[in-house]
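Listed below, chain by chain, are the residues.
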There are 2 protein chains.
Amino acid sequence: MASSTRSSKRQKTGAETASETGDSLPYKLIYWPSIPGRGEHIRLAFEATGTPYIDVANKTDAGVNAVMAQISDKNIGDDNNPPPLAPPILQHGDDILLSQTPNILAYLGPKLGLVPDVAEDSVGLYHVNALTLTALDGLSNEPHDVHHPIASSAYYEEQKEEALKKAADYRAVRLPKFLGYFERVLSGPASGGGEWLYGGKLTYADLVLFQTVDGVSYAFPKRVGKLKSSGKYDKVFALYERVKALDKVKSYLESDRRLKYSMGIYRHYPELDAED
Amino acid sequence: MASSTRSSKRQKTGAETASETGDSLPYKLIYWPSIPGRGEHIRLAFEATGTPYIDVANKTDAGVNAVMAQISDKNIGDDNNPPPLAPPILQHGDDILLSQTPNILAYLGPKLGLVPDVAEDSVGLYHVNALTLTALDGLSNEPHDVHHPIASSAYYEEQKEEALKKAADYRAVRLPKFLGYFERVLSGPASGGGEWLYGGKLTYADLVLFQTVDGVSYAFPKRVGKLKSSGKYDKVFALYERVKALDKVKSYLESDRRLKYSMGIYRHYPELDAED
């Protein structure tokens, strides 16, 4: 994938031009075709900032093979990049390949203006990263495990009995816990007013919270509806609507680039949902 | 906790002195007392680099209350810091509070010399972060879920039947998958020779892999013994021994600061272990 050696790396920090920092190099997202999945967090970062990118598996002839080649047991990476275990994978220019959703977002954050300015607040990007990790833990990884509590490689139907139990706990304990946590974050002074999670401005943590709330609303419409009507999480749902109404996000959500939920992380099995 | 406002933040990037970058401020780890848990990754970063730190719940009168105050439903954080959902929490000086294990490590990495020099390889810290996230996913979070597959707030005994099923899948499918992945990373050129995960030098990803392999070896001694004897993961187990033999790590492991596994993430339930 990359032919240069480590010493040829062109990425540098400090005050340099976009060209020197590689910010003008093309971005490619390598992720499973046809589902939003974890790749959706990367798409939203690009879409919300109007950043051009190529969604390789959905928009090029490579299709799913682009993913399969990366995650093959035979792939040992290249001089610059360890192999990825799983997508999403970000390719930036010819030489940089990064995996792990929160890691790709941490890399993109400063380049896309989705974290606080480091010169003004050098710790802000770590707060944004922590908020992102927590949203992914409780509102993405756990909802996946609800329908796959025993084995991610087996069918839902093979673990449905256990899924019913885990769903009951998720709806009653875990989902309110995480929504309550983010309500608390939005109530705190570090949010800078309660409209955004951190520092009074949109960051990628807000995009991740939007996407994960959207996902759990699809998977558990009865339970999310009930929690929403309780009034306990008004700031979280207001943030959700605020992100959804951003011009670029709105256009994206109305485009055919926004993929429909199906058999990915967020699945709607009516038997796993209930008001309580 | 912090009395300064956002504009008073003293942390800056670039070429500054340790005092200016805050690297001389005291580090405090706020984590549950008496268990290694996720806090162990933070301890190891400090211990392996000889960095002074205060393990608040274990070494001060505050004890567990230091954790409880942070994760209270009433805590909305302060001007600089959102509230944490859960420990580990790093306090750096008076003003900085960070949560989420991989996030704390990402913050400490450059300060403790546990990531590649950014001036030489500005992408290296993201590779280290990705490797860390993957090790924590498969060799820490999943082993926890093996004994708590349905509800993290319920007792193991209440979900033992499901735990037996999940343990079988973890031993057969997931554990070999993750060990195989790291063997592949160590076989690739970006590892810089196969002794360390990335760039030919110790990074915090190596410390995390050491700790997670140590944990699964405690939890599943029969299965790890069998996998080790297969010879398929020799580079992973050699890295484990290499970290263990580092002078500062060795001294730490022999000290009373190294806590014993008990009822935390890594638990040894004989019924969940087997050679296959």
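Residues numbered from 1 in each chain as written. Chains lettered and ligands numbered in written order. Predicted model: local features only at pLDDT ≥ 70, side-chain atom pairs only at ≥ 80, totals over all residues. Heavy atoms only, no water.

Chemist: Before we go on, may I ask you to explain the overall build of chain A in this structure?
Modeler: Looking only at helices and strands, chain A has 11 helices and four strands in total. Considered along the principal axes of its C-alpha atoms, chain A spans approximately 55 × 45 × 30 Å. Expressed as a percentage of the 276 residues in chain A, the buried residues total 58%. In chain A, of all internal contacts separated by at least 6 residues, the share reaching a separation of at least 24 is 70%. (Helix = DSSP H or I, 4+ residues; strand = E, 2+ residues; numbered from the N terminus. Buried < 20%, exposed > 50% of the residue type's maximum accessible area, 1.4 Å probe, protein only. Contact = heavy atoms within 4.5 Å.)

Chemist: Looking at this model, I keep getting lost on the packing of aromatic side chains. Mind explaining?
Modeler: Aromatic rings in a pair are described by how distant their centres are and how their planes are angled relative to each other. A complete count under the given rule lists 18 aromatic pairs over all chains for this structure. Ring geometry for Tyr181 of chain A and Phe182 of chain A: centres 5.0 Å apart, planes at 70°, overall edge-to-face. Note on Tyr181 of chain A: relative accessible area 3%, which makes it buried. Taking relative accessible area as the criterion, Phe182 of chain A reaches 0% and is therefore assigned buried. Between Tyr218 of chain B and Tyr261 of chain B the ring centres are 4.9 Å apart and the planes differ by 25°, which places this aromatic pair in the stacked class. In this pair, Tyr218 of chain B is assigned in helix α7 (residues 204-219) and Tyr261 of chain B in the segment after α10 (247-254), connecting sequence segments 43 residues apart. Through a chain of ring-to-ring contacts, the aromatic side chains of Tyr27, Phe46 and Tyr53 of chain A assemble into a single cluster. Geometry around Trp196 of chain A places Arg242 of chain A over its ring, the cationic atom sitting 5.9 Å from the centre. (Phe/Tyr/Trp six-rings, centres within 6.5 Å; stacked < 30°, edge-to-face > 60°. Lys NZ or Arg CZ within 6 Å of the ring centre and 35° of its normal.)

Chemist: Would you take a moment to explain the side chain of Ser140 of chain A for this structure?
Modeler: All names here are of chain A. Relative to the assigned elements, Ser140 resides in helix α6 (residues 124-147). Assessed through its relative accessible area of 2%, Ser140 is described here as buried. Discounting chain neighbours no more than four positions away, the residues touching Ser140 are Ala135, Thr212, Ile265 and Tyr266.

Chemist: I would appreciate a short explanation of the UniProt feature "domain: GST N-terminal" (unreviewed entry) in chain A in the present structure.
Modeler: Per the UniProt record, "domain: GST N-terminal" (unreviewed entry) is found at residues 26-116 of chain A. Secondary structure across residues 26-116 of chain A comprises 36% helix and 15% strand; the distance between its end C-alpha atoms is 23 Å. (UniProt positions renumbered as here; feature names shortened; annotations may be inferred.)

Chemist: Would you explain the pattern of salt bridges in this entry?
Modeler: A side chain with one charge may pair with a side chain of the opposite charge, provided their charged atoms come close. Counted according to the given criterion, the structure contains 20 salt bridges over all chains. Note that Arg258 of chain B is salt-bridged to Asp214 of chain B, the shortest N-O span being 2.8 Å. Of the two residues, Arg258 of chain B sits in the segment after α10 while Asp214 of chain B sits in helix α7, which places them 44 residues apart along the sequence. With respect to class, Arg258 of chain B is no different from Asp214 of chain B; both count as buried. The network of salt bridges with common partners includes Glu40, Arg43, Asp55, Asp214 and Arg258 of chain A. (Salt bridge = Lys/Arg side-chain N within 4 Å of Asp/Glu carboxyl O.)

Chemist: Teacher, can you tell me more about unusual backbone geometry here?
Modeler: Negative phi is the rule for most residues except glycine; trans is the rule for most peptide bonds. Here the bond from Pro87 of chain A into Pro88 of chain A is cis, since omega is 5°, no more than 30 degrees from zero. Along the chain, Pro88 of chain A turns up in the loop between α4 (65-71) and β3 (89-92). With a phi close to 75°, Ser34 of chain A is a non-glycine residue in the positive phi region. Assignment of secondary structure puts Ser34 of chain A in the loop between β1 (27-30) and α2 (39-48). If you check the backbone angles, Gln100 of chain B has positive phi at about 75° while not being a glycine.

Chemist: I keep staring at the packing of helix α7 (residues 160-187) of chain A against helix α10 (residues 234-244) of chain A and nothing clicks. Help me out?
Modeler: Residue and element names in this part refer to chain A. Two numbers describe how α7 lies on α10: the axes approach to 7 Å, and their chain directions differ by 80°. Relative to α10, the element α7 is oriented roughly perpendicular. Contact residues: α7 offers Leu179, Phe182, Glu183, Leu186 and Ser187, while α10 offers Asp234, Lys235, Val236, Phe237 and Leu239. Tallied by class, the residues present in the contact of α7 with α10 amount to six nonpolar, one polar and three charged. (Axes fitted to C-alpha atoms, helices over the stretch in contact; angles between N-to-C directions. Parallel < 35°, antiparallel > 145°, perpendicular 65-115°, else oblique. Nonpolar A, V, L, I, M, F, W, Y, C, P; charged D, E, K, R; others polar.)

Chemist: Help me understand the packing of helix α5 (residues 101-112) of chain A against helix α5 (residues 124-147) of chain B in this model?
Modeler: Two measures define how a pair of helices packs: the angle their axes make with one another and the distance between the axes. It is the contact of α5 of chain A with α5 of chain B, at a shortest axis distance of 9 Å, that shows an interaxial angle of 160°. Taken together, the axis directions place α5 of chain A and α5 of chain B in an arrangement best described as roughly antiparallel. When the axes of α5 of chain A and α5 of chain B are compared, the crossing they make is right-handed. Of α5 of chain B, the residues touching α5 of chain A (which contributes Pro102, Asn103, Ala106 and Tyr107 of chain A) are Tyr126, Asn129, Ala130 and Leu133 of chain B. When the residues that make up the contact of α5 of chain A with α5 of chain B are grouped by side-chain class, the tally is six nonpolar, two polar and no charged. (Left-handed = near helix turned anticlockwise from the far one by under 90°.)

Chemist: Explain the relation of the copies chain A and chain B here, please?
Modeler: The operation relating the pair of chain copies consists of a rotation about an axis and a translation along that axis. Relative to chain B, chain A is turned by 180° and slid 0.0 Å along the rotation axis, the superposed coordinates differing by an RMSD of 0.0 Å. One copy is carried onto the other by what is essentially a two-fold rotation axis. In terms of proximity to the rotation axis, the leading residue of chain A is Pro149 of chain A, whose C-alpha is 3.0 Å off the axis. (Least-squares fit on C-alpha atoms with pLDDT ≥ 70 in both.)

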